[in-house]
Amino acid sequence: MALKDAKAGTRNEAGIAAVLGILKQSFSERFQTGQAFREQHAHTTTYIPPQLPDGVLFAESAEDVKMAVRACAIHKVPVIGFGTGSSLEGQVNAVNGGISIDFSRMNRVLEVNPEDLDCTVEPGITREALNIHLRDTGLFFPIDPGANASIGGMASTRASGTNAVRYGTMKDNVLAVTAVTANGEEIRTARRARKSSAGYDLTRLFVGAEGTLGILTSVTLRLQAIPQKIAGGVCAFPSIKAACDAVIMTIQMGIPVARIELLDAVQMRACNAYSRLSYAESPTLFLEFHGTDETVPLQSAAFAEIAAECGGGEFLWTANAEERTKLWKARHDAYWSARALAPGLAALSTDVCVPISRLADCVSETQADIEAHGLLGPIVGHAGDGNFHVLLLFDDKSAEDIAMAESFVQRLNRRALDMDGTCTGEHGIGQGKMAFLEQELGGTVDLMRQVKQALDPDGIFNPGKIFHQG
């Protein structure tokens, strides 16, 4: 991450003024240009400075989106989609100014097909609201990035989270999207069939594009049956390596674990203090098993044997919903407990992902890096995927601290790439990781630029994200 990649771009003042007039006339009170509205649609969850849009449209239908995009296309004005604003790499910033399209009112469930285990929703619905709607069908949408993000935002950043080890990421769970393209027309990328060999896979082109190729207006999702039985458990280990060895053995033995989360000793200390718990302050795995009354106890017992073989402590597990919620409280409160370690400091949340065989090396070397430079950065990992996060705490008013934070992120990403990993497992590129994408993929980024140029020749969709154009 580097502040130089978050610099403001060139504004099209005449075009912006024209579009502001058009949208105000067309949408009246649903189009806002007040300072407070603009600030709300440029907030970031990192130290990247907010870059405000010039106006905010509260869209209520695909027709609203098409009308706004057409106006922006004619006048060559940027347009940025906005879900809940929980992205972590400055994805909602208006680098060149322009129009933010807020999808909070496009939050309907359009169709549920229980027999086919799928549904189609508008992009503004949040994952929690969707699962409440689905509850009586016996189905649920399993992707859980932590924040109560919008489905459109999750698709755009190719989100994943704690359940990914069993259910995959957004790219595995989006069957189709509809999107408004640069000519203001709405396209549909696929039908609901579970597989297709019909042409280019445009669905996965839009999933993870961070709003740079078009604006999503609906998402068709794969659903799962709510498990008959769910059990959660926690187990402490003497070292990161021991915990990661247990993860590798669990995956290799084919135990269908639904979640397997790693918290380092610093994070466990933070969790105990914040949530008034009494877990061992050592590297710890939190697990969850989904299955039947017969299979879940067997899975839990199998992991307990693995944990013992790897030097872990007692594996405490329960299928009681209330006890399971209490058991997972430390993991769910990890962000806030880490912030509480130094309430006066800013937080930079960053992630990398490596092959799970290299996870112990990468985490251990990162811990050594943090200690050697006198930094404070608890670590939480989606261990079953080789993905982990560092929440670096630092003074964002100090140029020296900012430089130290940026240097750490550079070393972290270089370390992951050297282990044949990626600079981001789930946060996306946005503004913060553009330099690392170039390091990771080299000339392949030029092909991405060509795709962007073909679909968005005037660069109106979320400019200044993923890579610099031209």
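Residues numbered from 1 in each chain as written. Predicted model: local features only at pLDDT ≥ 70, side-chain atom pairs only at ≥ 80, totals over all residues. Heavy atoms only, no water.

The name recorded for the protein chain in an unreviewed UniProt entry is D-lactate dehydrogenase (cytochrome), from Rhizobium lentis. Check the Cofactor (unreviewed entry) section of the UniProt entry for the protein chain; it says "FAD". In its Sequence similarities (unreviewed entry) section, UniProt records this for the protein chain: "Belongs to the FAD-binding oxidoreductase/transferase type 4 family." (UniProt positions renumbered as here; feature names shortened; annotations may be inferred.)

### Things to note about helix 18 (residues 444-455)
Taking 1.5 Å per residue, 12 residues should reach 16 Å; helix 18 reaches 17 Å between its end C-alpha atoms and fits that length. For helix 18, every residue scored as buried is listed here: Val445, Arg449 and Lys452. The buried side chains of helix 18 occupy one side of the element, clustering within an arc of 60° when seen end-on. Exposed side of helix 18, more than 90 degrees from the buried face: Leu447, Gln450 and Ala454 are the residues found there. Against the buried residues of helix 18 lie helix 17 (434-441). (Helix = DSSP H or I, 4+ residues; strand = E, 2+ residues; numbered from the N terminus. Expected span 1.5 Å × (residues − 1). Buried < 20%, exposed > 50% of the residue type's maximum accessible area, 1.4 Å probe, protein only. Arc of directions from axis to C-beta. Contact = heavy atoms within 4.5 Å.)

### Notes on the sheet that holds strand 8 (residues 174-180)
Strand order in the open sheet formed by 5 strands is 5-6-10-8-9, with antiparallel pairing between adjacent strands. Both edges of this open sheet fall to strand 5 (109-113) and strand 9 (186-188), since each of them pairs with a single strand only. Between one strand axis and the next, the sheet turns through 15° on average, direction left out of account. Direction of pairing for strand 8 relative to strand 9: antiparallel, over a ladder of 3 bridges. Bridged to Ala179 within strand 9 is Ile187. This element, helix 3 (residues 62-75), spans strand 8, strand 9 and strand 10 (215-222) of the sheet and lies at about 140° to strand 10. Contacting strand 5, strand 6 (118-121) and strand 10, helix 4 (residues 127-134) crosses the sheet at an angle of about 50° to strand 5. (Pairing = 2+ DSSP bridges. Axes fitted to C-alpha atoms, helices over the stretch in contact; angles between N-to-C directions.)

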